[in-house]
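What follows is each chain in one-letter form.
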Amino acid sequence: MTAEPARSAGRMRASDADREAVVEQLREAAAEGRIDLEELDERLDLALTARTHAELAPLTDDLGPAVLDPGEPLTLKGGIHGAQRRGRWKVPPRIEAYGGMGGVLLDFTQAECRLREIEVEVDAQMAGVVCVVPEGWKAETDALDLGLGGLKDKTSGERLPGTPVLRITGTCGMGGVVIRHPNLRERRKRRKELSR
């Protein structure tokens, strides 16, 4: 892999949603005391006038994730019938997914997530684990044991400013792990829901 795709991704034009995500992250950092109000004002001005992702990225790079009490992880067990988390739900810092014979689906496309990093520990077992992520989210899978089922990462791999990273660990088992963006059917269904 060359550095050229990363450079071209940085030159991509930023959308209003990209700028708003960075603004929200800056406000949260100020509320947590990680930057003072003067620096907040400076960074907000730069964020609101940024034209590209390359201009947005440095505004939040030094903030890192907030230190949160991870508490109890969200645990999903596929068992025989499967388990899923989709629609509107609040993403915790840690998730454990056990595929069982029915499989586990984690759909993050409508989830409420204010985290910069999410730890997802998988044991895909027989039926596997599927993670559906919005465009711009990135998954890091270097610590994942591929097992017999292996990993299928169908995402672009490019992280947009202000979006989380899924740190996926554990084993792919026999069922495998799939990371993807919403498919055509899911996008159509979502458009219908929004038009109501």
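Please refer to the structure higher up on the page.
Bear in mind the structure is a predicted one, so any value in this text is a computation, not a measurement.

Criteria and thresholds
Residues numbered from 1 in each chain as written. Predicted model: local features only at pLDDT ≥ 70, side-chain atom pairs only at ≥ 80, totals over all residues. Heavy atoms only, no water. Helix = DSSP H or I, 4+ residues; strand = E, 2+ residues; numbered from the N terminus. Rg over C-alpha atoms; globule rule 2.2 N^0.38 Å. Buried < 20%, exposed > 50% of the residue type's maximum accessible area, 1.4 Å probe, protein only. Contact = heavy atoms within 4.5 Å. Lys, Arg positive; Asp, Glu negative; His and termini not counted. Charge placed at Lys NZ, Arg CZ, Asp CG, Glu CD. Salt bridge = Lys/Arg side-chain N within 4 Å of Asp/Glu carboxyl O. Pairing = 2+ DSSP bridges. Expected span 1.5 Å × (residues − 1). Polar contact = N/O pair within 3.5 Å; in protein donor to acceptor, adjacent residues only side chain to side chain. Patch = residues over 30% accessible without salt bridge, like charges linked within 9 Å, V, L, I, M, F, W, Y side chains within 5 Å. Areas by Shrake-Rupley, 256 points an atom, 1.4 Å probe, with all protein chains shown as cover. Core = buried A, V, L, I, M, F, W, Y, C linked by side-chain atoms within 4.5 Å.

Draft legend 1. Focus on the overall build of the chain. Within the chain one finds 5 helices and 11 strands. Since a compact globule built from 196 residues should have a radius of gyration of about 16 Å, the 18 Å found for the chain is in line with a globular shape. Principal-axis analysis of the C-alpha atoms places the extent of the chain at approximately 55 × 45 × 35 Å. Residues classed as buried in the chain amount to 41% of the 196 residues present. Nonlocal contacts in the chain, meaning residues at least 24 apart in sequence, comprise 70% of its contacts between residues at least 6 apart. In the chain, the 30 positive side-chain charges and the 33 negative ones have mean positions that sit 10 Å from each other.

Draft legend 2. Representation of the pattern of salt bridges. What the rule picks out here adds up to 7 salt bridges. Put simply, R43 and E39 hold a salt bridge, and the shortest N to O gap is 2.5 Å. A residue pair is termed a helical-turn pair when its members lie 3 or 4 positions apart in one helix, as R43 and E39 do in helix α3 (residues 37-49) at 4 residues. A relative accessible area of 9% places R43 in the buried class. Here E117 and R167 are joined by a salt bridge, their closest N and O atoms 2.9 Å apart.

Draft legend 3. Seen up close, the pairing of strand β10 (residues 165-171). As paired elements, strand β5 (residues 117-123) and β10 share 7 bridges and run parallel to each other. Following the sheet pairing, E121 is matched in β10 by T169. Two elements, strand β8 (residues 144-145) and β10, share 2 bridges in a ladder whose sense is parallel. Paired with D145 across the two strands is T171, which belongs to β10.

Draft legend 4. Looking closely at helix α5 (residues 184-195). Here α5 is 12 residues long and its end C-alpha atoms lie 17 Å apart, about the 16 Å a rise of 1.5 Å per residue gives. The N-terminus of α5 is capped by N183, whose side-chain oxygen sits 3.2 Å from the backbone nitrogen of R185.

Draft legend 5. Spotlight on a nonpolar patch on the surface. Together, I80, M101, M126, L148 and M174 make up an exposed nonpolar region whose accessible area comes to about 640 Å². Examined against the element boundaries, M174 turns out to sit in the loop between β10 and β11 (177-180).

Draft legend 6. Broad picture of the nonpolar core. By size, the foremost hydrophobic cluster in this structure holds 27 residues, and its most contacted members are I95, L106, F108, L166 and I168. Elements represented by at least two residues in this core include exactly β1 (74-77), β3 (94-98), β4 (104-107), β5, β6 (129-132), β10 and β11. With 3 residues, the single largest contributor to this core is β5. Non-local contacts of I95, meaning those with residues more than four positions away in its chain, are made with P73, L74, W89, L106, F108, I118, E119, V120 and E121. In terms of nonpolar packing, the next biggest core, distinct from the first, is built from 14 residues, V23, A30, A47 and L63 among them.

Bear in mind that shape data such as this cannot, by itself, settle questions of function.
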